[in-house]
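One letter stands for each residue in the lines below.
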Amino acid sequence: MRLSQYFMPTLRENPKEAEIVSHRLMLRAGMVRQASAGIYSWLPLGYRVLRRIEQIVREEQDAAGWQELLMPTIQSADLWKQSGRYDDYGKEMLRIQDRHEREMLYGPTNEELITEIFRNGAKSYRDLPKGLYHIQWKFRDEVRPRFGVMRGREFLMKDAYSFDLDYDSAKRAYQRQFVAYLRTFARLGLKAIPMEADTGPIGGDLSHEFIVLAETGESEVFCDREFLDHDVLEADFNYQDDAAVQKVVDYSTSLYARTDEKHDQARFEADVPEQRRYVGRGIEVGHIFYFGTKYSEPLGALVTTPDDQTVPIHMGSYGVGVSRLVGGIIEASHDENGIIWPESVAPFHVGLVNLRIADADCTAACDKLYGQLVEAGVEVLHDDRDESAGAKFASMDLIGLPWQLVVGPRGLKNGVVELKRRGGNGEREELSPEAAIAKLV
Ligand code: ATP
Ligand code: MG
Ligand code: MG
Ligand code: MG
């Protein structure tokens, strides 16, 4: 992509309305624009990142054995009345009336609808276990939408659901999602800590919130720092291997990690040596939950067992805040000059900077490098604008692509270009154009 033709309206000044760094940087980098309170348009650069994150979430859900479908954003109120949540949800639910005066709503989540879909398609224990998910926009009329996409009113969520015959089987589904979450967040370059969360009237220990530590987070958290040193990413994890799944879950749940809702100071002090205690704030990026027959009973999602009884299906739901993650990743990875994207979600891999458009040799060299990178399938943003070197460096640092390939007349005279890493300690090296290409492909 040539920057001269790209729609990337960057801002030089910090927008006044933005209170936290991720919101400021997303506006300044031209990733999103607010359409109305808590509702955003995703501009090309931001949308690329959103799709990258979505794809990683999808790959890990698929690997864990879930199947993707797509449910609508607008739902009928009927099912919500059957489950009892039409009244419980209160003002956070956006209620809509159609021309026939039927009560509709913009889904804040999908337990009711997925239960209805599943009950119509599964009749016997042979149809279980199964896992379904979708990645779809949700609407919650938050009292205080703020921090940009972190607490939006319209936001993109991955929500998965599991259907099992009994508790033991449901627990295995839960544990596979648990591991899928750890791996997903690790692939996104994040350290997300699974924290025990409230299970409400269901009880038990099958509810975890996945939290990224950040001082701008809205959750108050208490945990063992050891989580921060532990790496969960092994190549080719086999989700069908129950023992491997169990091992990851056992380790992660052996360390103290709770939000203020479940915090127990005495246990915290007993379990975690003082220097390992983290007390601070965090961002909830995911939440997994086993809720048994809470929806299958009122909605009549029943199956027959091998000995011909009829029982309600055991279910769980598993949410990831896909759009919130864009802000969450920036909170975790930026410096005073801008965003530092982890490679896995960067909108482009390389920014190619032409330092002197007016210099024919320099421009020819850039065009050649650009062509070679595109040819090799490397996603490159070519800054071919007629701007000062300073402005170009500032834009590149702001949008945070992992690599900057800088080409200027002076270097070219000596046969070299400069390759600079945005992250890490910003290493830079001078090398031949060919060597630079070899490094980037
Ligand atoms: P929060 O505590 O932040 O209000 P929640 O507990 O209400 O979130 P869940 O119902 O658990 O959210 O939804 C699953 C995931 O959806 C959350 O873990 C979060 O990442 C994301 N999410 C929830 N509300 C929002 C929002 N208003 N804007 C962006 N993402 C959200
Ligand atoms: Mg909420
Ligand atoms: Mg919450
Ligand atoms: Mg939650």
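- By the naming in an unreviewed UniProt entry, the protein is Proline--tRNA ligase, taken from Pelagibius litoralis.
- In the Catalytic activity (unreviewed entry) part of its UniProt record, the protein is described as follows: "tRNA(Pro) + L-proline + ATP = L-prolyl-tRNA(Pro) + AMP + diphosphate".
- What UniProt records for the protein under Sequence similarities (unreviewed entry) is the sentence "Belongs to the class-II aminoacyl-tRNA synthetase family. ProS type 2 subfamily."

Regarding the packing of aromatic side chains
Next up, step 1: Within this structure, the stated rule accounts for 16 aromatic pairs.
Next up, step 2: Ring geometry for Tyr-174 versus Tyr-318: centroids 6.3 Å apart, planes at 55°, classification tilted. Of the two residues, Tyr-174 sits in helix H6 (residues 167-187) while Tyr-318 sits in strand E16 (residues 314-321), which places them 144 residues apart along the sequence.
Next up, step 3: Given a relative accessible area of 2%, Tyr-174 falls into the buried group.
Next up, step 4: The exposure class assigned to Tyr-318 is buried, which follows from its relative accessible area of 1%.

Thoughts on the sheet that holds strand E19 (residues 350-354)
Next up, step 1: A sheet is described by the order of its strands in space; here five strands give the open sequence E20-E19-E21-E22-E23, paired in mixed fashion. Either end of the sheet is taken by a strand with one partner, and the two such strands are strand E20 (380-383) and strand E23 (428-431). Each strand axis lies, on average, 20° off the axis of its neighbour in the sheet, ignoring direction.
Next up, step 2: Pairing of strand E22 (residues 417-421) with E23 involves four bridges; the strand directions are antiparallel. Residue pairing across strands places Leu-419 opposite Glu-429, the latter belonging to E23.
Next up, step 3: Of the strands in this sheet, E19, E20, strand E21 (403-407) and E22 are in contact with helix H12 (residues 360-375), which crosses E19 at around 165°.
Next up, step 4: Of the strands in this sheet, E19, E21, E22 and E23 touch helix H15 (residues 433-440), which is tilted by about 130° from E23.

Re the UniProt feature "domain: Aminoacyl-transfer RNA synthetases class-II family profile" (unreviewed entry) in the protein
Next up, step 1: As recorded in UniProt, the sites labelled "domain: Aminoacyl-transfer RNA synthetases class-II family profile" (unreviewed entry) are residues 33-342.
Next up, step 2: End C-alpha atoms of residues 33-342 are separated by 23 Å, and the span's content is 32% helix alongside 31% strand.

A short note on the site of ligand 1
Next up, step 1: Around ligand 1 there are 14 residues in total, and Glu-142, Arg-151, Gly-152, Glu-284 and Arg-324 lie nearest to it.
Next up, step 2: Met-150 places a main-chain nitrogen or oxygen 3.4 Å from a nitrogen atom of ligand 1.
Next up, step 3: Between ligand 1 and the protein, one listed contact pairs an oxygen atom with a side-chain N or O atom of His-287 at 3.2 Å.
Next up, step 4: Relative to its unbound accessible surface of 580 Å², ligand 1 loses 81% to contact with the protein.

Details of a negative patch on the surface
Next up, step 1: A grouping of Asp-198, Glu-220, Asp-260 and Glu-261 is seen on the molecular surface, where their side chains present a negatively charged patch.
Next up, step 2: Counting through the fold element by element, Glu-220 comes out in strand E11 (residues 219-224).

Describing the coordination of the magnesium ion (ligand 4)
Next up, step 1: Within the protein, the atoms that donate to the magnesium ion (ligand 4) are Glu-284 (OE) and His-287 (ND1), at distances of 2.2 to 2.3 Å.
Next up, step 2: Taken as an interatomic distance, the gap from the magnesium ion (ligand 4) to the magnesium ion (ligand 3) is 3.2 Å; Glu-284 donates to each of them.
Next up, step 3: On the accessibility criterion, Glu-284 (26% relative accessible area) is partly exposed.
Next up, step 4: When its relative accessible area of 26% is taken as the criterion, His-287 is described as partly exposed.

A short note on the pattern of salt bridges
Opposite charge on two side chains lets them pair, provided their charged atoms get close.
Next up, step 1: Per the stated rule, a full pass over the model turns up 32 salt bridges.
Next up, step 2: Salt-bridge contacts for Glu-116 lead to Arg-119; the nearest nitrogen and oxygen are separated by 3.8 Å. Here the residue Glu-116 and the residue Arg-119 both occupy positions in helix H5 (residues 111-119), the gap between them amounting to three residues, near one helical turn.
Next up, step 3: We note a salt bridge from Arg-151 to Glu-218, for which the minimum N-O separation is 2.9 Å. Within this pair, whereas Arg-151 is found in the loop between strand E7 (130-139) and strand E8 (154-164), its partner Glu-218 is found in the loop between strand E10 (207-213) and E11, the two being separated by 67 residues in sequence.
Next up, step 4: Residue classification places Glu-218 among the partly exposed residues on the basis of a relative accessible area of 32%.

Definitions and limits used
- Residues numbered from 1 in each chain as written.
- Chains lettered and ligands numbered in written order.
- Predicted model: local features only at pLDDT ≥ 70, side-chain atom pairs only at ≥ 80, totals over all residues.
- Heavy atoms only, no water.
- UniProt positions renumbered as here; feature names shortened; annotations may be inferred.
- Phe/Tyr/Trp six-rings, centres within 6.5 Å; stacked < 30°, edge-to-face > 60°.
- Helix = DSSP H or I, 4+ residues; strand = E, 2+ residues; numbered from the N terminus.
- Buried < 20%, exposed > 50% of the residue type's maximum accessible area, 1.4 Å probe, protein only.
- Pairing = 2+ DSSP bridges.
- Axes fitted to C-alpha atoms, helices over the stretch in contact; angles between N-to-C directions.
- Contact = heavy atoms within 4.5 Å.
- Near = heavy atom within 4 Å.
- Polar contact = N/O pair within 3.5 Å; in protein donor to acceptor, adjacent residues only side chain to side chain.
- Areas by Shrake-Rupley, 256 points an atom, 1.4 Å probe, with all protein chains shown as cover.
- Patch = residues over 30% accessible without salt bridge, like charges linked within 9 Å, V, L, I, M, F, W, Y side chains within 5 Å.
- Salt bridge = Lys/Arg side-chain N within 4 Å of Asp/Glu carboxyl O.
- Lys, Arg positive; Asp, Glu negative; His and termini not counted.
- Charge placed at Lys NZ, Arg CZ, Asp CG, Glu CD.
- Donors = N, O, S within 2.8 Å, 3.2 Å for Na, K, Ca; no water.

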